Amino acid sequence: MSEIAVFLSLVVIVAGGSSPHADYIEELIRTNAFGGRISDNILEDATLDLPDLVRKYNYPFEEHFVTTEDGYILGMHRIPHGRVSYNVSGDRPVVFLMHGWPTSSSDHVIMGPGTGIAYILADEGYDVWMGNTRGNSYSRKHISLNPDVPRNGFWEFSWDEIGERDLPAMIDYALQHTGRSALHYIGFSQGTTVFFVMGSLRPEYNKKIISMHAMAPVAYMEHVKDHIFTMIAPYGRDLTALASLLGIEEILSHHEIFTLLGRLLCVDGAKTQPFCSAIIFLIAGWNENQHNASTIPIILGHTPAGCSVKQMAHFGQIITDKEFRRYDFGLLQNILKYGTPVPPSYDLSKVTAPVFLHYSEGDPLAVVADVDKLYKELGRPMGKFKVSESTFSHVDFIWGIDAKKMVYDKVINFMRLMDLKN
């Protein structure tokens, strides 16, 4: 069977300690030998679990768990300091990272030291905490509900509950554990959406945020250009009903098949690697300038990480309705839950934490016109900061070759300025 045939077959199936090389890696990082990706073995990184992946590069790693008010047990990951000795002790500001959809905390480390934002922040002297949404690979537990038992209620959530319940629980835990009263927040894509939900529904949490940095901010999606989302959005309610009828509550969970696909078909030299790149471009925008195809195996080794059907349906609703509002359960359930036949809009004026919006012209999901509308409605916007490269796209904020130079360095400078004010 040809590589292309194997690739297509797998697509069909999918639809249904410190490293001994630490010194060598340090030298690679110093000389930037691999450009946008530092790793001594991409295929090894694709198969390592997150703790071993981080420790391989000689960073400390901690796993914590916090239980939400409605019983979800969330995994939190921490890199308390960098590898350089002067970062091990001392007064380190806390920064909380929140991933996009449908991924996990792995977003922040899979690009490796020198490129992954969690490593960069740890080496810059920050105490780095990474959250995980309910239902993803690291948060598939509940005090009484089983994610693998159909229709038992585990998957009855959208990103509304993530913003209202998950974020506050994780932020409180990180602050209590570190003895801090406030922290910096960096979110990507859905990681920004849930922050705006929290700031609107739980406004008391704004005072716990020193600065919020929204990379590829997603709230309004009226002008979205992503072909998959624009195609699915008008049928979101029908597809949700059909999924419920078929007992499908979770989508895009992580399976070994993704890792296998990456190792066999997306490696350097494989004839099918361009197909792998094309799938990423189809979902999140085309930009060859920032795409390192060599990293696809490690991306597929950790992504996607799972989410509920309702998370995607909620995005579909705000695209179709052209409003940023709570989940639409239908007329009768809306009246029972919200007291109104139509879900209420999130009041963005209540988001009074200092918000920095980092966006790009080439982003098909966080489109400039929608970012402008968001900016005007926020309670305390600090500014809009457009990436200089016009083709910079959605996933380039986390996987882009030049993300550090074009985005992260600016974020860190703003964080340091905000620290001086506190």
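Residues numbered from 1 in each chain as written. Predicted model: local features only at pLDDT ≥ 70, side-chain atom pairs only at ≥ 80, totals over all residues. Heavy atoms only, no water.

### Section: the overall build of the chain
Thought 1: Summing up its helical and strand segments, the chain has 17 helices and 11 strands in all.
Thought 2: Counting every position in the chain, which comprises 422 residues, the buried fraction comes to 57%.
Thought 3: Carbon and sulfur atoms form 56% of the exposed surface of the chain, whose accessible area is close to 17200 Å². (Helix = DSSP H or I, 4+ residues; strand = E, 2+ residues; numbered from the N terminus. Buried < 20%, exposed > 50% of the residue type's maximum accessible area, 1.4 Å probe, protein only. Areas by Shrake-Rupley, 256 points an atom, 1.4 Å probe, with all protein chains shown as cover.)

### Observations regarding the packing of aromatic side chains
Thought 1: Inspection of every chain in the model, using the stated rule, returns 24 aromatic pairs.
Thought 2: Ring geometry for tryptophan 101 and phenylalanine 229: centres 5.7 Å apart, planes at 65 degrees, overall edge-to-face. Of this pair, tryptophan 101 sits in the loop between strand S3 (94-98) and helix H5 (117-123) while phenylalanine 229 is found in helix H8 (residues 227-232), placing the two residues 128 residues apart along the sequence.
Thought 3: The class for tryptophan 101 is buried, based on a relative accessible area of 17%.
Thought 4: Judged by its relative accessible area of 9%, phenylalanine 229 falls in the buried class.
Thought 5: Aromatic rings pair up to connect Trp101, Trp159, Tyr220, Phe229, Phe315, Phe324 and Tyr346 into one cluster.
Thought 6: Positioned above the aromatic ring of phenylalanine 157, the side-chain terminus of arginine 134 is 5.6 Å from the ring centre.
Thought 7: Across the ring face of phenylalanine 65, the terminal group of lysine 141 is positioned such that the distance to the ring centre comes to 5.8 Å. (Phe/Tyr/Trp six-rings, centres within 6.5 Å; stacked < 30°, edge-to-face > 60°. Lys NZ or Arg CZ within 6 Å of the ring centre and 35° of its normal.)

### Some details on the environment of tyrosine 173
Thought 1: Within the secondary structure, tyrosine 173 is located in helix H6 (residues 159-178).
Thought 2: At 2.9 Å, the side chain of tyrosine 173 forms a polar contact with the side chain of histidine 64. (Polar contact = N/O pair within 3.5 Å; in protein donor to acceptor, adjacent residues only side chain to side chain.)

### Brief notes about the packing of H6 against helix H7 (residues 190-201)
Between two packed helices, what matters for the description is the angle formed by their axes and the separation of those axes.
Thought 1: Two numbers describe how H6 lies on H7: the axes approach to 8 Å, and their chain directions differ by 80 degrees. Taken together, the axes of H6 and H7 are roughly perpendicular relative to one another. Across the interface between the two elements, Trp159, Asp160, Ile162, Gly163, Glu164, Leu167, Pro168 and Ile171 from H6 touch Gln190, Thr193, Val194, Phe195, Val197, Met198 and Leu201 from H7. (Axes fitted to C-alpha atoms, helices over the stretch in contact; angles between N-to-C directions. Parallel < 35°, antiparallel > 145°, perpendicular 65-115°, else oblique. Contact = heavy atoms within 4.5 Å.)

### Focus on the state of the cysteines
Each disulfide is one covalent bond, formed between the sulfur atoms of two cysteines.
Thought 1: By the definition in use, this model includes 1 disulfide.
Thought 2: Cysteine 266 shares a disulfide with cysteine 276; S-S distance 2.0 Å. Taking the sign of the S-S torsion, -75 degrees for the link of cysteine 266 and cysteine 276, the bridge is left-handed. Here cysteine 266, found in the loop between helix H10 (256-265) and helix H11 (273-284), pairs with cysteine 276, found in helix H11; they are 10 residues apart in sequence, far enough to count as distant. Side by side, cysteine 266 and cysteine 276 carry an identical accessibility label, which is buried. (Disulfide = S-S within 2.5 Å.)

### Some thoughts on H6
Thought 1: For H6, built from 20 residues, the straight-helix expectation of 28 Å at 1.5 Å per residue is met to within 8% by its first-to-last C-alpha distance of 27 Å.
Thought 2: Bending of H6 peaks at approximately 30 degrees at the position of aspartate 166, with proline proline 168 no more than four residues after it.
Thought 3: Of all the 20 residues making up H6, 14 are buried; the element is thus mostly covered by neighbouring parts of the structure. (Expected span 1.5 Å × (residues − 1). Bend = angle between axes of the 7 residues up to and from the residue.)

### Observations concerning the confidence of the model for the chain
Thought 1: Per-residue confidence for the chain gives a mean pLDDT of 89, with 89% of residues at or over 70.
Thought 2: Here residues 1-38 scores under 50 on pLDDT; set against residues more than four positions off or in separate chains, the count is 63 contacts. (pLDDT = per-residue confidence, 0-100.)

### Some thoughts on the nonpolar core
Thought 1: Judged by nonpolar contacts, the single largest core of 105 residues is most densely connected at Ile79, Leu121, Val128, Tyr185, Phe195, Phe196 and Phe324.
Thought 2: Here the element with the most residues in this core is H6; it accounts for 8 residues. (Core = buried A, V, L, I, M, F, W, Y, C linked by side-chain atoms within 4.5 Å.)

### What to know about helix H15 (residues 368-377)
Thought 1: Within the span of H15, buried status applies to Asp370, Val371 and Leu374. Seen end-on, H15 carries its buried residues on one side only, within an arc spanning 100 degrees.
Thought 2: The inward-facing, buried residues of H15 contact H7 and strand S10 (355-359). (Arc of directions from axis to C-beta.)

### Some words on the side chain of aspartate 226
Thought 1: Of note, aspartate 226 is situated in the loop between strand S7 (209-215) and H8.
Thought 2: Of the side chains with opposite charge, lysine 225 comes closest to the buried, unpaired aspartate 226, at an N-O distance of 12 Å.
Thought 3: Of note is the side chain of aspartate 226, whose polar atom sits 2.9 Å from the backbone nitrogen of phenylalanine 229.
Thought 4: When sequence neighbours within four positions are dropped, the list of residues in contact with aspartate 226 reads Leu282, Ile283, Ala284, Pro364 and Leu365. (Lys, Arg positive; Asp, Glu negative; His and termini not counted. Salt bridge = Lys/Arg side-chain N within 4 Å of Asp/Glu carboxyl O.)

### A short note on the pattern of salt bridges
Thought 1: Under the definition given, this model contains 24 salt bridges.
Thought 2: For arginine 78, the salt bridge identified is with aspartate 127, shortest N-O distance 2.6 Å. With arginine 78 in strand S2 (residues 72-79) and aspartate 127 in strand S4 (residues 127-130), this residue pair connects regions lying 49 residues apart in the sequence.
Thought 3: The class for aspartate 127 is buried, based on a relative accessible area of 3%.
Thought 4: Among the salt bridges present, the one from aspartate 91 reaches arginine 180, with a minimum N-O distance of 2.5 Å. Within this pair, whereas aspartate 91 is found in the loop between S2 and S3, its partner arginine 180 is found in the loop between H6 and strand S6 (183-188), the two being separated by 89 residues in sequence.

### Points about unusual backbone geometry
A negative phi angle characterises most non-glycine residues, just as the trans form characterises most peptide bonds.
Thought 1: Note the cis peptide between tryptophan 101 and proline 102, where omega equals -5 degrees.
Thought 2: Position of proline 102 among the secondary structure elements: in the loop between S3 and H5.
Thought 3: Along the chain, threonine 303 connects to proline 304 via a cis peptide bond; the corresponding omega equals 0 degrees.
Thought 4: Within the secondary structure layout, proline 304 lies in the loop between helix H12 (296-302) and strand S9 (307-308).
Thought 5: In this model, leucine 252 sits at a positive phi of 55 degrees, which is unusual for a non-glycine residue.

### Points about the pairing of strand S11 (residues 381-386)
Thought 1: Sheet analysis places S10 next to S11, joined by 5 bridges and oriented parallel. Looking at S11, one finds that valine 355 is bridged to proline 381.
Thought 2: As for the winding sense of the linkage, the β-α-β connection from S10 through H15 to S11 is right-handed. (Pairing = 2+ DSSP bridges. Right-handed = clockwise from strand over helix to strand, strands pointing away.)

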